[in-house]
Amino acid sequence: MCGIAGFCINKEEHIDARNLAKCLLKGIEARGKDATGAAWYNGKTQIVNYIKAPKRAQDFCRNELWQLPSGVKNVILHTRWATQGTPKNEHNNHPIVIGNLVGVHNGHISNDKEVLTAARDMFGHKRIGEVDSEAAFAIAKYSENPLHDFANTLNGRAALAWIDGDKPRELNVTRVTGSPLAVAQTPKGSFVFASTQSILEKAMKDAGLAIEWIAELDEYEYMKVRNGAVMEYTDYKPEWVKDLELAKKQEMADLAKYDSFDRTDVEFGAWLKSVM
């Protein structure tokens, strides 16, 4: 279990990015205390920056978060519960960095070796750490259709957020399977997300932000956000999931046909009389 969070602020809304990041990191700290990290796009320098350290969020906020400018608009955050790969190796901590793509992941991927072997053979990718999360962002980096490959290639649980250095003003968030993810928007049009709805609500309250709407993403939902607005929404359920859902609906419909009986042909209580 790890914690992920972040935001994409509307350029017309004045929000202290460092303070909001602090409130979100405080909220997700309980989900992982082995390492903490942040990444953001700096519009002034036109560079995607990141910082990460093998320490809990409260210490990270005290000693490292000052590096995050208060005026940035696009930010992703992570608190790590280490399950694969030592936090002493910074490549195992998040954000995961592959080229100019930075990403954060909550969950566990069980076929990371197979995915990264394919990335090596097809794209020349060299594994940078031991953590399983690298597999998800290798797909995000190299795949022509990452959503399809998230759904059909990754085994395990995953909620993901990433910033692509080629399109650094955009924030990408998705819940693949298992791991939760909640998203919200302020009345002035800024987008904020966190691992759970309760964490998100409290963090936004602590940051002094009102909530226009809030929701928990279903599995296989994806949002691309720019300037606080959801520019693209995709439900990318794989065909086998759709087939299972259709079969379940049909099963429930069949059961409903036999859920009642015609009592007009039966004298109520007749069975009781027969055994008296």
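Report follows, based on the coordinates.

Cut-offs and rules
Residues numbered from 1 in each chain as written. Predicted model: local features only at pLDDT ≥ 70, side-chain atom pairs only at ≥ 80, totals over all residues. Heavy atoms only, no water. Pairing = 2+ DSSP bridges. Helix = DSSP H or I, 4+ residues; strand = E, 2+ residues; numbered from the N terminus. Axes fitted to C-alpha atoms, helices over the stretch in contact; angles between N-to-C directions. Contact = heavy atoms within 4.5 Å. Salt bridge = Lys/Arg side-chain N within 4 Å of Asp/Glu carboxyl O. Buried < 20%, exposed > 50% of the residue type's maximum accessible area, 1.4 Å probe, protein only. Core = buried A, V, L, I, M, F, W, Y, C linked by side-chain atoms within 4.5 Å. Left-handed = near helix turned anticlockwise from the far one by under 90°. Nonpolar A, V, L, I, M, F, W, Y, C, P; charged D, E, K, R; others polar. Lys, Arg positive; Asp, Glu negative; His and termini not counted.

Note on sheets: strands pair through backbone hydrogen bonds, and any given pair is parallel or antiparallel. Pairing within the open sheet is antiparallel, and its seven strands lie in the order β3-β2-β4-β1-β10-β9-β11. Of all strands in the sheet, those bounded by a partner on one side alone are β3 (47-53) and β11 (213-216). Each adjacent strand pair in this sheet contributes to an overall mean axis angle of 10°, direction not counted. Bridging between strand β1 (residues 3-8) and strand β4 (residues 74-80) involves six bridges; their strand directions are antiparallel.

The sheet built from six strands is open, its strands ordered β5-β6-β7-β8-β12-β13 with antiparallel pairing. Each edge of the sheet is formed by a strand with only one pairing partner; in this case those strands are β5 (96-98) and β13 (229-235). The sheet shows a mean angle of 20° between the axes of neighbouring strands, direction not considered. Judged from the three bridges that link them, β5 and strand β6 (residues 101-109) form a sheet pairing that is antiparallel. Bridging across to β6, V97 finds its partner in V102. The strands that helix α4 (residues 134-142) touches are β5, β6 and β7 (156-164); relative to β6, the one it contacts most, it runs at about 135°.

A word on the pattern of salt bridges. Evaluation of the coordinates by the stated rule reveals ten salt bridges. R127 serves as the salt-bridge partner of D112, at 2.8 Å between the closest nitrogen and oxygen. Within this pair, whereas D112 is found in helix α3 (residues 112-123), its partner R127 is found in the loop between α3 and α4, the two being separated by 15 residues in sequence. Classification of D112 by relative accessible area gives buried; the value is 4%.

Nonpolar side chains tend toward joint burial in soluble globular proteins. Ranked by internal contacts, the top residues of the largest apolar core, which has 32 residues, are F7, L24, L25, L68, L77 and L200. Broken down by element, the residue count for this core peaks at seven residues, all from helix α1 (residues 17-28). Contacts of L77, omitting those with residues within four sequence positions, involve G3, I4, A5, G6, A21, L24, L25, G37, A38 and V104. Core analysis: the next-biggest nonpolar cluster, separate from the first, contains 26 residues, A135, A136, A138 and Y222 among them.

Here R80 is to be found in strand β4. Residue classification places R80 among the buried residues on the basis of a relative accessible area of 2%. In the structure, R80 is positioned 32 residues away from V48 in sequence and 21 Å away in space, judged by C-alpha atoms. Not counting the four nearest positions on each side in its chain, R80 is found in contact with C2, G32, K33, D34, A35, G85, T86, P87, N92, N93, H94 and V131.

Now for the packing of α4 against helix α5 (residues 146-153). Running from N to C, α4 and α5 cross one another at 150°; their axes reach a closest spacing of 8 Å. For α4 against α5, the interelement crossing comes out right-handed. Contact residues: α4 offers A136, I139 and A140, while α5 offers P146, D149, F150 and T153. Broken down by class, the residue content of the contact of α4 with α5 amounts to five nonpolar, one polar and one charged.

What follows concerns the side chain of R31. Mapped onto the fold, R31 is located in the loop between α1 and β2 (35-42). Among buried Asp, Glu, Lys and Arg side chains, R31 stands out as unpaired, with E216 the closest opposite charge at 9.6 Å. Setting aside its immediate chain neighbours within four residues, R31 contacts M1, C2, G3, T79, W81, N106, P180, S195, T196 and I199.

Here H94 and P95 are connected by a cis peptide whose omega angle stands at 5°. With respect to the secondary-structure elements, P95 resides in the loop between β4 and β5. Although it is not a glycine, Y220 adopts a positive phi angle of roughly 65°. By the secondary structure assignment, Y220 is in the loop between β11 and β12 (221-226). By relative accessible area, Y220 is classed as buried at 4%. In this structure, N227 is a non-glycine residue whose phi angle is positive, near 55°. Note that N227 resides in the loop between β12 and β13. Residue classification places N227 among the partly exposed residues on the basis of a relative accessible area of 31%.

It is worth stressing that arrangement in space is one thing and function is another; only the former is reported here.
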